[in-house]
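Listed below, chain by chain, are the residues.
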Amino acid sequence: MGPKGSALICGYTTYHRLLETSLAELKKKEDCLVCPTGFAANMAAMVAIGSVASLLAASGKPLKNEKVAIFSDALNHASIIDGVRLAERQGNVEVFVYRHCDMYHLNSLLSSCKMKRKVVVTDSLFSMDGDFAPMEELSQLRKKYGFLLVIDDAHGTFVCGETGGGVAEEFNCEADVDLCVGTLSKAAGCHGGFIACSKKWKQLIQSRGRSFIFSTAIPVPMAAAAYAAVVVARKERWRRKAIWERVKEFKALSGVDISSPIISLVVGNQEKALKASRYLLKSGFHVMAIRPPTVPPNSCRLRVTLSAAHTTEDVKKLITALSSCLDFDNTATDIPSFLFPKL
């Protein structure tokens, strides 16, 4: 399996560097840092961003106006939330949660914030609802307020964009994203996480991101496999075309308004969701019931994820099976953000 240790000790090899270089090119960033997991990547990024406040504070402990103001979407992934909470607990950041994808609310929070150092962090494609962050509006607000824009592109990497560069490539705003966090355990089918960024940000995260510093690096075979996945994803564009064809087919056959391969069908209570999931499994479809604490009570859902391996016939059979256990006309595909707990 190769060297076993943290990347800063003996766990970093030429294969890891090859992977980082390929991901930096994919994301059109100066450099990249491979982390043990996507969760660790977000934790390291948030803590390192917060550390800027203590590093620049005259006394070592930042005053309120010296802290970093972090604006976080209400439905961000748990790894972002935990990273922000840790940075807040360290006394380095002030946290502001804006309503899910609500740019009017975000603009209001930004305009009333007197702190100089501002960061906006958001999932690019939300894992439980399957909707996209409003990237174009975020880019406009970044130009207006000059904040650091961080996105978690776990579900967009290799799936969105002409070359698989992700959601920022899809919306033509890669230059407006300062840090792009991702995972290698979704479309890449491997293990690990990464942060594509500038060389300076990489150096800071390497020295301040404890979830990176004190974790064992991903094994060499996994780094090599992930690199191969990057090569395949960029060359074999038919895979992305196939995914989005399945999305169109599901939308047309079900009548459900979806915008991505992540299809969230909110059914209500746990019993109903579990019953539907068991029925689908017997019908040949592994569709998990998503329950609290992942989602709020009474917003349990079936989460369908389409891939390039699925065929048109698969989608038709899935629609038939789903029709037997839920009513598409009375099935929500999203849930109001005010039902979710705050940071």
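Residues numbered from 1 in each chain as written. Predicted model: local features only at pLDDT ≥ 70, side-chain atom pairs only at ≥ 80, totals over all residues. Heavy atoms only, no water.

Caption draft 1: The arrangement of the sheet that holds strand β10 (residues 300–305) in detail. One open sheet accounts for three strands, arranged β8-β10-β9; its pairing is antiparallel. Of all strands in the sheet, those bounded by a partner on one side alone are β8 (262–268) and β9 (288–290). Recorded for the sheet is a direction-independent mean angle of 35 degrees between the axes of neighbouring strands. Across six bridges, the pairing between β8 and β10 is antiparallel. Residue V266 lies in a different strand from β10, and its bridge partner there is R301. (Pairing = 2+ DSSP bridges. Helix = DSSP H or I, 4+ residues; strand = E, 2+ residues; numbered from the N terminus. Axes fitted to C-alpha atoms, helices over the stretch in contact; angles between N-to-C directions.)

Caption draft 2: Layout of the environment of T312. Topologically, T312 is positioned in helix α12 (residues 312–323). Distance from T312 to E249, taken between C-alpha atoms, is 7.3 Å for residues 63 residues apart in sequence. Not counting residues up to four positions away in its chain, the partners in contact with T312 are R246 and E249. (Contact = heavy atoms within 4.5 Å.)

Caption draft 3: Representation of the packing of aromatic side chains. Enumeration over the complete set of coordinates arrives at two aromatic pairs. Measuring from ring centre to ring centre gives 4.9 Å for F71 and F96, while their planes differ by 15 degrees; the resulting arrangement is stacked. In this pair, F71 is assigned in strand β2 (residues 68–73) and F96 in strand β3 (residues 93–98), connecting sequence segments 25 residues apart. For F71, a relative accessible area of 0% puts it in the buried group. An angle of 65 degrees between the planes, with centres 5.8 Å apart, marks the rings of F132 and F171 as edge-to-face. With F132 in the loop between β4 (117–123) and α5 (135–145) and F171 in the loop between α6 (167–170) and β6 (179–183), this residue pair connects regions lying 39 residues apart in the sequence. Exposure remark for F132: the relative accessible area of 18% places this residue in the buried category. (Phe/Tyr/Trp six-rings, centres within 6.5 Å; stacked < 30°, edge-to-face > 60°. Buried < 20%, exposed > 50% of the residue type's maximum accessible area, 1.4 Å probe, protein only.)

Caption draft 4: Geometry of the pattern of salt bridges. Scanning the model with the defined rule gives 18 salt bridges in all. Across the pair E20 and R17 runs a salt bridge, and its minimum N-O distance is 3.1 Å. Linking E20 with R17, this pair stays in helix α1 (residues 14–27), spanning three residues, or about one helical turn. Relative accessible area serves as the criterion here: at 1%, E20 is assigned to the buried category. (Salt bridge = Lys/Arg side-chain N within 4 Å of Asp/Glu carboxyl O.)

Caption draft 5: A look at the sheet that holds strand β7 (residues 193–197). If you walk across this open sheet you meet the seven strands as β1-β7-β6-β5-β4-β2-β3, and the pairing is mixed. Where the open sheet ends on each side, the last strands, each with one partner, are β1 (31–35) and β3. With strand direction ignored, the average angle separating the axes of adjacent strands in the sheet is 20 degrees. Sheet topology places β4 next to strand β5 (residues 148–152); five bridges connect them, and they run parallel.

Purely geometric stuff here, so don't read any function into it on its own.
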